[in-house]
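Geometric and topological summary
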Amino acid sequence: MSNVLVLVDHTGGKVRKTTAELLTIARRLGEPVAVYIGEGVQDALPALGQYGATKVIALTDPELSQYLVAPKAEALQQVAAKIEPSAILISSNAEGKEIAARLAVKLDSGLITDAVDVQAGDSGPVTTQSVFAGNYSVQAKVTHGTPIITVKPNAATPEAAETSPEVEEFDVTISDAAKTARITESKPREATGRPELTEAAIIVSGGRGTGGDFAPIEAFADSLGAAVGASRAAVDSGWYPHAYQVGQTGKTVSPQLYIAAGISGAIQHRAGMQTSKTIIAINKDEEAPIFELVDFGVVGDLHKVLPATTTEVNNRKS
Amino acid sequence: MKIVVCAKFVPDATADRRFRSEDNTVDRAGVDGLLSELDEYAVETALTVKEAGEGEVTILTVGPEQAADAIKKGLQMGADAGVHVNDEGIHGSDAVATSLILAKALGKLEADLVVFGMASTDGSMGVVPAMVSERLGLPAVTLGSSVTVEGTTVRIRRDGDTASDTVEGTLPLVLSVSDQSGEPRYPSFKGIMAAKKKPVETWSLADLEISPDQVGAASAFTEVTEVTARPPRSAGTIVTDEDGSGAAQLVEFLSTNKFL
Ligand SMILES: Cc1cc2nc3c(=O)[nH]c(=O)nc-3n(C[C@H](O)[C@H](O)[C@H](O)COP(=O)(O)OP(=O)(O)OC[C@H]3O[C@@H](n4cnc5c(N)ncnc54)[C@H](O)[C@@H]3O)c2cc1C
Ligand SMILES: Nc1ncnc2c1ncn2[C@@H]1O[C@H](COP(=O)(O)O)[C@@H](O)[C@H]1O
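The paragraphs below set out a description of the structure included in this document. (Residues numbered from 1 in each chain as written. Chains lettered and ligands numbered in written order. Predicted model: local features only at pLDDT ≥ 70, side-chain atom pairs only at ≥ 80, totals over all residues. Heavy atoms only, no water.)

So, the pairing of strand S10 (residues 148-151) of chain A
Within a regular beta strand, the side chains point alternately toward one face of the sheet and then the other, so they alternate between its two faces. All names here are of chain A. Of the two faces of S10, both are covered, the one formed by Ile-148 and Thr-150 as well as the one formed by Ile-149 and Val-151. As defined by bridge partners, strand S6 (residues 87-91) adjoins S10 across four bridges and the pair is classed as parallel. By the bridge assignment, Leu-89 is partnered in S10 with Ile-149. The pairing of strand S7 (residues 111-121) with S10 spans three bridges and is parallel. Opposite Ala-115, over in S10, you have Val-151 as the bridge partner. (Buried < 20%, exposed > 50% of the residue type's maximum accessible area, 1.4 Å probe, protein only. Helix = DSSP H or I, 4+ residues; strand = E, 2+ residues; numbered from the N terminus. Pairing = 2+ DSSP bridges.)

Details of the packing of helix H1 (residues 37-52) of chain B against helix H2 (residues 68-77) of chain B
Residues and elements named next belong to chain B. One can describe the packing of H1 onto H2 by two numbers: an axis separation of 10 Å at closest approach and a directional angle of 35 degrees. Seen from above, H1 lies across H2 with right-handed handedness. Within the contact between the two elements, H1 uses Glu-40, Val-43, Glu-44 and Leu-47 and H2 uses Lys-73, Gly-74 and Met-77. Class assignment of the residues belonging to the contact of H1 with H2 gives a composition of three nonpolar, one polar and three charged. (Axes fitted to C-alpha atoms, helices over the stretch in contact; angles between N-to-C directions. Left-handed = near helix turned anticlockwise from the far one by under 90°. Contact = heavy atoms within 4.5 Å. Nonpolar A, V, L, I, M, F, W, Y, C, P; charged D, E, K, R; others polar.)

Topic: unusual backbone geometry
Cis geometry marks the peptide bond from Leu-171 of chain B to Pro-172 of chain B; its omega dihedral reads -5 degrees. As for its position among the elements, Pro-172 of chain B is in the loop between strand S10 (163-170) and strand S11 (173-177). Of note in this structure, Asp-108 of chain A is not a glycine but carries a positive phi near 50 degrees. Take Asp-108 of chain A: it is sitting in the loop between helix H5 (94-107) and S7. We classify Asp-108 of chain A as partly exposed; its relative accessible area is 42%. Residues other than glycine seldom take positive phi values, yet Lys-258 of chain B does so here, at roughly 60 degrees. With respect to the helices, strands and loops of the structure, Lys-258 of chain B is situated in the segment after helix H6 (246-256).

A word on the layout of surface pockets
Unfilled space is identified by rolling a water-sized probe across the atoms. Roughly 860 Å³ of internal volume is contained in the second largest pocket. Every residue lining the second largest pocket is counted, 39 residues in all, and those nearest its centre are Arg-208, Arg-232, Ala-233, Ala-266 and Gln-268 of chain A. Of all the secondary-structure elements, those providing two or more residues to the lining of the second largest pocket are helix H7 (232-236), helix H8 (267-273), strand S16 (278-283) and helix H9 (302-317) of chain A together with H1 of chain B. With four residues, the top contributor of residues to the lining of the second largest pocket is H1 of chain B. Residues of the lining of the second largest pocket, tallied by class, amount to 13 nonpolar, 15 polar and 11 charged. (1 Å grid on protein atoms, 1.4 Å probe; cavity = no way out; pocket = protein on both sides within 12 Å on 5 of 7 lines; lining within 4 Å. Points joined across faces, edges and corners; volume = space filled by probe spheres on them.)

Considering the nonpolar core
Leu-59 of chain A together with Leu-60, Val-85, Ile-101 and Met-131 of chain B are the most contacted members of the largest nonpolar core, which totals 63 residues. For this core, the leading source of residues is helix H3 (residues 95-109) of chain B, giving nine residues. In this structure Met-131 of chain B touches Ala-101, Ala-104, Val-105 and Leu-111 of chain A together with Ala-95, Val-96 and Ser-99 of chain B, once residues within four positions along its chain are discounted. Residues Tyr-41, Leu-75, Ala-79 and Leu-173 of chain B belong to the second largest nonpolar core, which totals 35 residues. (Core = buried A, V, L, I, M, F, W, Y, C linked by side-chain atoms within 4.5 Å.)

A few points about a nonpolar patch on the surface
Together, Phe-189, Ile-192 and Met-193 of chain B make up an exposed nonpolar region whose accessible area comes to about 300 Å². Note on placement: Met-193 of chain B falls in helix H5 (residues 189-195). (Patch = residues over 30% accessible without salt bridge, like charges linked within 9 Å, V, L, I, M, F, W, Y side chains within 5 Å. Areas by Shrake-Rupley, 256 points an atom, 1.4 Å probe, with all protein chains shown as cover. Salt bridge = Lys/Arg side-chain N within 4 Å of Asp/Glu carboxyl O.)

Structure, rendered in structure tokens:
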């Protein structure tokens, strides 16, 4: 069977859920070979084995993390030359997409980004993408070279398939040209304790209608164990950090439940949440376009509706 | 310093965007289009860099006849010149091919600083800047939410998911900016009048020594096999909170649908 490369998405050895999804998808296409860049591969091993990695290739050169993506793309090219994979799967985040872009040029191969599903086809993987603000669903395939596919979070339900993969250390050669853009300072963001936006099952988002007070949004989110999101109007006003923006220039999310409070539902916002399974809106304007999307809507003041709902949800839980 | 902004002409997001039924490519000719709003941030950054030091700003676009509008908008905002790569053979090019055309044109322009938007508002792949950087062998600092240029050092702040980073590179270099990088200016009346006299060159594939079999639909590395319009969402239940019953009904909905 052919090898399918999966670039492991992790923070210091803690494997992210998207990697389990990628490994699950890789098993549909061939034998998953995980590529792990950075320190902590031993910590990651159990999770990689749980989802069926047949082998783990570890790249531990510290220079891979010091610079931006160029050295990582070079490393993957070298791994690909050795393994000759039938496809390469990478998480669809900013870094993943840039690595994939460089790799496509290096390998003279077709690239598909932001897949929401990948299945095996007669002539290689067939991807599904959601385009034009989620108004169209597009099926595509790579017709030249090694298919390189970046996959969005929640594109597959992780299915365990226990293996005990061996770790193979792999020495890479990084060119000087790849070391020209460097990270000179990094300020980590404080952890919120809430689920990650793109991976969350439930998201509660606030917009300009919050008037700047996200406390009721956060309290409601916590009662549901949800992540918090924001519209661009809220982010631009400085009420919530950009990392939480949902929409065209923020995160695209597709949770089981999306709750929009005080958000009008502009096309650019819809682009980021339209494919959510269930949508709820709370907005005081019954004409707000967000109501065109909802499964359930409340016309009312979020400052009244949300706290009352939060209290009731918390009561039911205890 | 020669600053070049890569700017894309895209179908208007607020109008009807569609695919051509004959070949499943994005319909760019039959619809209203404009300079991608996210590339306006790139134009703004280029103009700010120029104003803070020195240089000349050129708008480079690859696209059909109407894409000249994207250049015009950039010139009205204050750019100095435009280059339009327009050739029958380009239709249906994917990102890999587009990056080849841009890289060849940038080589010919001898750009010191190349500024990109974060993603095009139609394809929204966000991959072309990295591809061009790879092809030109130039460093790339991407997704800048603020940019400073001091001498030959370009420094950006990049707000990622887990950290806020400072990233540095040396000219010549490829830069991409996010929509957090500063509001694009509106063209002034003076700017609109001045734009009419600014030089715009049109280049063909032959001008760039690209053979037609390297780009276009026939040589694309990806193929769209099926396009399906998303079925409209079925109308939901909407209640009014007039009597304060909104919360109770919302809880009921959450409970019935097993979210509690
Ligand atoms: C290139 C580009 C990219 C963009 N990218 C994004 C993006 O990624 N994400 C994004 O969100 N936007 C994006 N936008 C902006 C988008 O067009 C809208 O401007 C934005 O989404 C509006 O945010 P909002 O709904 O919070 O604000 P508004 O449109 O001002 O809506 C506020 C809503 O709150 C309601 N409201 C007010 N008070 C209350 C109350 N007390 N209780 C209940 N409801 C109340 C109002 O009725 C109104 O419907 C982008 C725009 C452009 C041009
Ligand atoms: N046809 C084009 N002409 C000029 N610039 C382009 C073109 N396509 C993409 N770009 C640039 O590349 C960036 C990213 O595009 P994309 O990878 O398609 O999302 C855009 O913001 C533009 O700056």
